[in-house]
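# Structural overview
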Amino acid sequence: MSATPSADNFPKPTSITGGCLCGSIRYQADFPEDHDFLQLSGSCQCTQCRRNTGALFFVAHTIPLRKFKFLTPTSTLKNFYATAGIQRGFCTNCGSFLYWHDESRDDLEIAVGCVDPEYLSEFGFALANASGNNVWCQNEIKGVTDSMIGKERGIKWAKDSGAGIRM
């Protein structure tokens, strides 16, 4: 059994694969050599992400858009816009939420829960350590999401990181 990962020592993938529940959408994400796995791992507790994921918070990992590619046809992929310019990609067959993308940026936030299990078991800490921006923390549920794993490492923002209200 390997040692418990820490912010100073954890395995890092060079690429990962993932996809939706029904398997009709598959993707691959490659990581640049200088990818900052700590800063690019975060979470969101906004009402939109809660309703979109069906979970109390959305765990995301940011990757360069140019390093993301679909491995299957995207005929069942649809983007939903709860906010203008913000894509929420999901499968129309099974409903899996795959990513969040601000169209004004050149990166993509993948839903870590859709990463293939073999990558999560080996590289879960690298992908979901929440050491980066954790947004909409003003919506934390006291005694539940305010003490979730990894929350002590990252930056907590009351709203989004652009709002400049650190908690």
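Since this is a predicted model, take the numbers as computed values, not measurements. (Residues numbered from 1 in each chain as written. Predicted model: local features only at pLDDT ≥ 70, side-chain atom pairs only at ≥ 80, totals over all residues. Heavy atoms only, no water.)

### Thoughts on the overall build of the chain
- Looking only at helices and strands, the chain features two helices and 11 strands.
- Within the chain, the proportion of its 167 residues that are buried is 43%.
- Long-range contacts, defined as pairs at least 24 residues apart, comprise 56% of the intrachain contacts of the chain with a sequence gap of at least 6.
- Surface exposure of the chain reaches about 8,900 Å², of which carbon and sulfur atoms provide 51%. (Helix = DSSP H or I, 4+ residues; strand = E, 2+ residues; numbered from the N terminus. Buried < 20%, exposed > 50% of the residue type's maximum accessible area, 1.4 Å probe, protein only. Contact = heavy atoms within 4.5 Å. Areas by Shrake-Rupley, 256 points an atom, 1.4 Å probe, with all protein chains shown as cover.)

### A few points about helix 2 (residues 117–128)
- A rise of 1.5 Å per residue sets the reference length of helix 2, with its 12 residues, at 16 Å; its end C-alpha atoms lie only 13 Å apart and thus fall more than 12% short of the reference.
- Restricting attention to buried positions, one finds in helix 2 the residues Phe123, Gly124, Phe125, Ala126 and Leu127.
- Contacts made by the buried residues of helix 2 are with strand 1 (15–19), strand 3 (41–44) and strand 4 (58–64).
- Two residues or fewer after helix 2 comes Ala130, characterised by a positive phi angle close to 55°. (Expected span 1.5 Å × (residues − 1).)

### Quick word on the side chain of Gln87
- Among the secondary structure elements, Gln87 is positioned in strand 7 (residues 86–91).
- Given a relative accessible area of 15%, Gln87 falls into the buried group.
- For Gln87, the side chain forms a polar contact with the side chain of Tyr81, separated by 3.5 Å.
- Polar contacts involving the side chain of Gln87 include one to the side chain of Glu103, which spans 2.9 Å.
- Not counting chain neighbours up to four residues away, the residues in contact with Gln87 comprise Asn79, Phe80, Tyr81, Tyr99, Trp100, His101 and Glu103. (Polar contact = N/O pair within 3.5 Å; in protein donor to acceptor, adjacent residues only side chain to side chain.)

### Some words on the pairing of strand 4
- With six of seven residues buried, strand 4 lies mostly within the body of the structure.
- The pairing of strand 4 with strand 9 (residues 107–111) spans five bridges and is classified as antiparallel. Residue Pro64 lies in a different strand from strand 9, and its bridge partner there is Asp107. (Pairing = 2+ DSSP bridges.)

### Here's the deal with the environment of Arg88
- In this structure, Arg88 sits in strand 7.
- Taking C-alpha positions, Arg88 is 7.5 Å from Leu98, a pair spaced 10 residues apart along the chain.
- Beyond its immediate chain neighbours, meaning those up to four positions away, Arg88 contacts Cys46, Gln48, Cys49, Asn52, Lys78, Asn79, Phe80, Ala82, Phe97, Tyr99 and Trp100.

### As for the side chain of His35
- Within the fold, His35 resides in the loop between strand 2 (26–30) and strand 3.
- The buried category is assigned to His35, whose relative accessible area is 10%.
- At 2.8 Å, the side chain of His35 forms a polar contact with the side chain of His61.

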